[in-house]
Amino acid sequence: MNPFSLAGKTALITGASRGIGLAIARGMREAGAEVILAARSKDKLEAIAAEIGGRALELDVASSESLRRAVAEIGDVDILANVAGMNIRGKAEDYTHEQYDKIMQTNLHGLFELTQLVGKKMITRGKGGKIINIGSFTTFTGIPWVSVYAMTKGAVGQLTKVLAAEWACHDIQVNCIAPGFILTDLNRAMWQSEEMDKWRKGVQAIDRLGCPEDIAPLAVFLAAPGSNYITGQVIAVDGGATTTAKWPVPSPTT
Ligand code: NAP
């Protein structure tokens, strides 16, 4: 058994139309999985499917109806990667109900419902499974203007641990990757700022900005048999952002 191979497995990846989800889909495909590429942009997904192989699945994680329809359309899935997500930055006191609901529905409620639907099928089939959730730097750390997003990502981290406990008896491993600062459409504009770039370099041991391909290999591993004894983990892939800080004390002379 190759501990890194996904041959013979089917992976459903949400948020596969760009960014981190697309990199994970490519990685899983390269590792041998059949991939089901899910997001709202059907055209983009079809173009990606034509390039890498796989199936495009139109799905809006914020809509129960869409989730149910999509899951009914697909067959059995061995791997679910919950990557789809969005953010609206704002002051906590200023969020509207509409903004709050949109972030919650996409990043948390939709993720939960899809995981229920797919998890139930995995349990009924009785062949185990792998669930990989995408958390965030904000799963661990409070930064301003992301209160609602951080609530969803904190909850995704905790959900990971509870599902790992509940579904271990079904041989389903559930883990969460918490990316740090990864350049994608989600934040491209923000990282144009020199001030932001300087701040980021000060809080990471590895001071470059991350890219989606920094996240994909761990997702592949967490989907593969080599990770069968790993569950309930929230693993940061962040160049050290949650564990290190630059310290302006000069290095000691020897
Ligand atoms: P991105 O480039 O903006 O991609 C977001 C993906 O989510 C797209 O494929 C988008 O596809 C999909 N999506 C958004 N809303 C959706 C919905 N309602 N239904 C279905 N799909 C939806 O962002 P990204 O940076 O790759 O983010 C991916 C995940 O990583 C998110 O959960 C994000 O919170 C997390 N994350 C990112 C960073 C970072 O620094 N980039 C850091 C920590 C965590 P469509 O628009 O085609 O539907």
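## A look at the sheet that holds strand β4 (residues 79-82)
Here is step 1 of the chain: Strand order across the open sheet formed by seven strands is β3-β2-β1-β4-β5-β6-β7, with parallel pairing between neighbours. Edge positions in the sheet fall to β3 (55-58) and β7 (234-237), since each of these pairs with one other strand and no more. Going across the sheet, the axis of each strand differs from the next one's by a mean of 20 degrees, ignoring polarity.
Here is step 2 of the chain: Bridge count between strand β1 (residues 10-14) and strand β2 (residues 34-39): five bridges; the pairing is parallel. Among the inter-strand pairings, Thr10 is bridged to a residue of β2, identified as Glu34.
Here is step 3 of the chain: Sheet contacts for helix α5 (residues 147-167): β5 (129-134), β6 (172-179) and β7; angle to β6, the most-contacted strand, approximately 160 degrees.

## Comments concerning helix α7 (residues 212-223)
Here is step 1 of the chain: Compared with an ideal rise of 1.5 Å per residue, which puts twelve residues at 16 Å, α7 spans 17 Å between its outermost C-alpha atoms and is within 8% of the ideal.
Here is step 2 of the chain: Within α7, burial applies to Pro212, Ile215, Ala216, Leu218, Ala219, Val220, Leu222 and Ala223.

## Observations concerning the site of the ligand
Here is step 1 of the chain: Close to the ligand lie 30 residues; Ser17, Arg40, Ser41, Tyr149 and Thr184 are nearest.
Here is step 2 of the chain: Between a nitrogen atom of the ligand and a side-chain N or O atom of Asp60, the distance comes to 2.8 Å.
Here is step 3 of the chain: Between an oxygen atom of the ligand and a side-chain N or O atom of Thr184, the distance comes to 2.6 Å.
Here is step 4 of the chain: Considered on its own, the ligand offers 870 Å² of accessible surface; in the complex 96% of this is hidden by protein.
Here is step 5 of the chain: Among the elements of the structure, α1 (19-30) and α5 are those that each provide at least two residues to the shell around the ligand.
Here is step 6 of the chain: Partitioned by chemical class, the residues of the shell around the ligand number 14 nonpolar, eleven polar and five charged.

## Some details on the pattern of salt bridges
Here is step 1 of the chain: Enumeration according to the criterion identifies 13 salt bridges in this entry.
Here is step 2 of the chain: One salt bridge in this structure joins Glu51 and Arg26, with 2.8 Å as the shortest N-O distance. One end of the pair, Glu51, is in helix α2 (residues 42-52); the other, Arg26, is in helix α1, with 25 residues separating them in the sequence.
Here is step 3 of the chain: The partner of Lys42 in a salt bridge is Glu46, with the nearest N and O atoms 3.4 Å apart.

## Some details on the side chain of Ser136
Here is step 1 of the chain: Relative to the elements of secondary structure, Ser136 occurs in the loop between β5 and α5.
Here is step 2 of the chain: Owing to a relative accessible area of 6%, Ser136 belongs among the buried residues under this scheme.
Here is step 3 of the chain: Engagement of the side chain of Ser136 in a polar contact is seen with the backbone nitrogen of Thr138, the distance being 2.8 Å.

## Things to note about the packing of helix α3 (residues 64-73) against helix α4 (residues 97-125)
Here is step 1 of the chain: Between α3 and α4, the shortest axis-to-axis distance is 10 Å and the interhelical angle comes to 25 degrees. Taken together, the axes of α3 and α4 lie roughly parallel to each other. Along this stretch, α3 crosses α4, giving a crossing that reads as right-handed. Between α3 and α4, the residues in contact are Ser64, Leu67, Arg68 and Val71 and Gly110, Glu113, Leu114, Leu117, Val118 and Lys121, respectively.
Here is step 2 of the chain: Of the residues contributing to the contact of α3 with α4, the split by class is five nonpolar, two polar and three charged.

Parameters and conventions
- Residues numbered from 1 in each chain as written.
- Predicted model: local features only at pLDDT ≥ 70, side-chain atom pairs only at ≥ 80, totals over all residues.
- Heavy atoms only, no water.
- Pairing = 2+ DSSP bridges.
- Helix = DSSP H or I, 4+ residues; strand = E, 2+ residues; numbered from the N terminus.
- Axes fitted to C-alpha atoms, helices over the stretch in contact; angles between N-to-C directions.
- Contact = heavy atoms within 4.5 Å.
- Expected span 1.5 Å × (residues − 1).
- Buried < 20%, exposed > 50% of the residue type's maximum accessible area, 1.4 Å probe, protein only.
- Near = heavy atom within 4 Å.
- Polar contact = N/O pair within 3.5 Å; in protein donor to acceptor, adjacent residues only side chain to side chain.
- Areas by Shrake-Rupley, 256 points an atom, 1.4 Å probe, with all protein chains shown as cover.
- Nonpolar A, V, L, I, M, F, W, Y, C, P; charged D, E, K, R; others polar.
- Salt bridge = Lys/Arg side-chain N within 4 Å of Asp/Glu carboxyl O.
- Parallel < 35°, antiparallel > 145°, perpendicular 65-115°, else oblique.
- Left-handed = near helix turned anticlockwise from the far one by under 90°.

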